[in-house]
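Understanding the architecture of this molecule
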Amino acid sequence: MSTPLAVSLSKNVGRFAGMKPDSTNLRVVVSPGNIALTETPRDVRDAGWARLKVLACGICGTDLHLHHGMKLPMGAEYPVYPGHEVAAEVIEADPGVGPQPGTRVVVHPLLPCGKCDDCLTGREHYCAFGEMLGVHRAGGLAEEMVWPSNRLVPVDDLDPNLAALLPDAVATAYHAVQRAQLPRGGKLVVIGSGGVGTNVLQISRAIDEDVQAIAVVHSEGTAKRIKGLGFPVVQGLDGAGRAVKKEFGEIDAVIDFSGAAAAATEGVRMLKKQGRLVLGSVLDEKVAIGTTYTGLMTREIEIVGSYSNSLSDLQAVTELVRSGKLSLQGLVSHTFPLRDIEKAFDVLEKRPPGMVRVVITG
Ligand SMILES: [Zn+2]
Ligand SMILES: [Zn+2]
């Protein structure tokens, strides 16, 4: 399944050490099976847009899928300039419009059309005509990039390497917690505790310190890490429904980010009446829930999806971090400079034990 990386660094990369011409921007370019660093002309900055110096950019499964040649969404084509998890400093902006030069920000990676029914009813993240940073538009695996000022969220003096986690893994986790509609002091089970799942656990506790959040994890290593954060753990998805019920009683909401098809069945099994199952995994299989129409009907179980996140989710989660209620410490396991993009993708591909999030530093 894994493709050996073919990385060809631009011959001219060396001359960027110390003397970069003002007219170019060093950025990562990806086409199926190939990653390279390349010089591109500096982006033109339109009115209402900001020019950003990238301080840190996370990479995730989406970037790996691009490298593997995934089918691109409508309107995008290879080669792509990836990077959608960006912390940056504003270096140019229209006076009085959005964060001004010198401000550190995170970037909401969706550019909604602003005109469709979803956009006009405050549901921009469903916009079917939206463009994604790092897919449709040149992303943040670069020295600099441009983006609309009204899609930037100030982060003050937050460590850029941690701030880079906010727009994807953390805001998406926040959105899933909203979808779970937990009662105060409720019981939550999170199935799968990689980057997003770990954030779901932490966010649920940051929002309500009386919540009882429990993790269902796969590996011994993850079990240890999650226990270290103070959450009880059930190891192994097979039979988790019964195991959780026996140890913790029935559950108000289950959020799945495991990517395992069995999660829905186990999740439904542990829910109490009127419980909610939130499906956040990207998985192209039919949903099997291990019960009958009657079983679902009599228990009034709700099954909902949770997709990505919106600008308001990013603003909310940034506020949780800035106020000290949510800590992101320990979530960045690997950092690499831009010139080592090959090594970074290699780590992401191999998922060594202990890997959580990989961040490219500016
Ligand atoms: Zn991502
Ligand atoms: Zn729209």
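Residues numbered from 1 in each chain as written. Chains lettered and ligands numbered in written order. Predicted model: local features only at pLDDT ≥ 70, side-chain atom pairs only at ≥ 80, totals over all residues. Heavy atoms only, no water.

All right, on to the overall build of the protein then. Broken down by element type, the protein carries 11 helices and 18 strands. Relative to the 2.2 N^0.38 estimate, which gives 21 Å for 362 residues, the radius of gyration of the protein is 21 Å and therefore close to what a compact globule would have. If one aligns the C-alpha atoms of the protein with their principal axes, the spans along those axes are about 65 × 45 × 35 Å. In the protein, buried positions account for 51% of the 362 residues. Sequence separation of at least 24 residues holds for 71% of the intrachain contacts in the protein that already meet a minimum separation of 6. Within the structure as shown, the protein displays about 16,800 Å² of accessible surface, and the carbon and sulfur contribution to it stands at 51%. Charge separation in the protein, taken as the distance between the mean sites of 37 positive and 40 negative side-chain charges, equals 3 Å. (Helix = DSSP H or I, 4+ residues; strand = E, 2+ residues; numbered from the N terminus. Rg over C-alpha atoms; globule rule 2.2 N^0.38 Å. Buried < 20%, exposed > 50% of the residue type's maximum accessible area, 1.4 Å probe, protein only. Contact = heavy atoms within 4.5 Å. Areas by Shrake-Rupley, 256 points an atom, 1.4 Å probe, with all protein chains shown as cover. Lys, Arg positive; Asp, Glu negative; His and termini not counted. Charge placed at Lys NZ, Arg CZ, Asp CG, Glu CD.)

Turning our eyes to something else, we now look at unusual backbone geometry. The residue after Tyr78, namely Pro79, is reached through a cis peptide bond having omega -5 degrees. Residue position: Pro79 is located in the loop between α1 (61-67) and β5 (85-92). The backbone of Gln274 shows a phi angle near 65 degrees, a positive value even though the residue is not glycine. As for its position among the elements, Gln274 is in strand β15 (residues 271-279).

Our next topic: helix α7 (residues 240-248). Listing the buried residues of α7 in full gives Ala240, Gly241, Val244 and Phe248. The buried residues of α7 occupy an angular sector of 105 degrees when projected down its axis, which confines them to one face. Away from the buried face of α7 by more than 90 degrees, exposed residues Arg242 and Lys246 are located. Buried positions along α7 lie against β11 (187-191), β12 (212-217), β13 (233-235), β14 (251-256) and α8 (263-270). The positive-phi residue at the C-terminal boundary of α7 is Gly249, with phi of around 85 degrees. (Arc of directions from axis to C-beta.)

The next subject is helix α5 (residues 195-207). Over its 13 residues, α5 extends 18 Å from the first C-alpha to the last, a length consistent with the 18 Å expected when each residue adds 1.5 Å. The buried fraction of α5 amounts to 11 of the 13 residues, a majority that puts the element mostly inside the structure. Here α5 has its buried residues at Gly195, Val196, Gly197, Thr198, Asn199, Val200, Leu201, Gln202, Ile203, Ser204 and Ala206. (Expected span 1.5 Å × (residues − 1).)

Before going further, it helps to examine the domain arrangement of the protein. Looking at the protein, the domain boundaries give domain 1 (6-165 + 328-361) and domain 2 (170-305). Computed from C-alpha atoms alone, the centre-to-centre distance between domain 1 and domain 2 is 31 Å. Across the boundary between the two partners, domain 1 contributes six residues, which contact six residues of domain 2. Note on domain 1 versus domain 2: buried area summed over both sides is about 540 Å², and carbon and sulfur give 63% of it. On the domain 1 side of the contact with domain 2, Leu165, Leu331 and Val356 bury the most area, a combined 55% of that side's loss. At the junction of domain 1 with domain 2, the criterion picks out zero salt bridges. The tally of links between domain 1 and domain 2 comes to one residue pair in polar contact (both at pLDDT 80 or more). (Domains from an automatic or database assignment. Buried area = accessible area lost by both parts, 1.4 Å probe. Salt bridge = Lys/Arg side-chain N within 4 Å of Asp/Glu carboxyl O. Polar contact = N/O pair within 3.5 Å; in protein donor to acceptor, adjacent residues only side chain to side chain.)

The protein atoms that coordinate the zinc ion (ligand 2) are Cys113 (SG), Cys116 (SG), Cys119 (SG) and Cys127 (SG), at distances spanning 2.3 to 2.4 Å. Viewed at the metal, the four donor atoms of the zinc ion (ligand 2) are separated by angles of 104 to 115 degrees, and the geometry they form is tetrahedral. In primary-sequence terms, the residues that donate to the zinc ion (ligand 2) follow C-x2-C-x2-C-x7-C. (Donors = N, O, S within 2.8 Å, 3.2 Å for Na, K, Ca; no water. Tetrahedral: all angles 85-135°; square planar, octahedral: opposite > 155°, others 65-115°.)

Here we come to the environment of Leu120. Relative to the assigned elements, Leu120 resides in helix α2 (residues 117-120). Sequence separation between Leu120 and Leu26 is 94 residues; the distance between their C-alpha atoms is 37 Å. Every residue in contact with Leu120, bar those within four places of it in the chain, is listed here: Gly114 and Lys115.

On the protein side, the zinc ion (ligand 1) has Cys60 (SG), His84 (NE2), Glu85 (OE) and Asp168 (OD) as donor atoms, found 1.8 to 2.2 Å from it. Bound by four donor atoms, the zinc ion (ligand 1) shows angles of 99 to 127 degrees at the metal and therefore tetrahedral coordination geometry. Each donor residue of the zinc ion (ligand 1) lies on the same chain, and together they follow the pattern C-x23-H-E-x82-D. A residue pair is termed long-range when its members are at least 10 positions apart, and Cys60 in the loop between β4 (49-59) and α1 and His84 in the loop between α1 and β5 qualify at 24 residues.

The six strands lie next to each other as β13-β12-β11-β14-β15-β16, forming an open sheet whose pairing is parallel. Both edges of this open sheet fall to β13 and β16 (302-305), since each of them pairs with a single strand only. Put simply, the sheet's adjacent strands are angled 20 degrees from each other on average, direction ignored. This element, α5, spans β11, β12 and β14 of the sheet and lies at about 165 degrees to β11. (Pairing = 2+ DSSP bridges. Axes fitted to C-alpha atoms, helices over the stretch in contact; angles between N-to-C directions.)

Once that is clear, we can look at the pairing of β11. Across the five residues that make up β11, a large majority, four, are buried. The pairing of β11 with β14 spans four bridges and is parallel. Counterpart to Leu188 in the pairing with β14 is Ala253.

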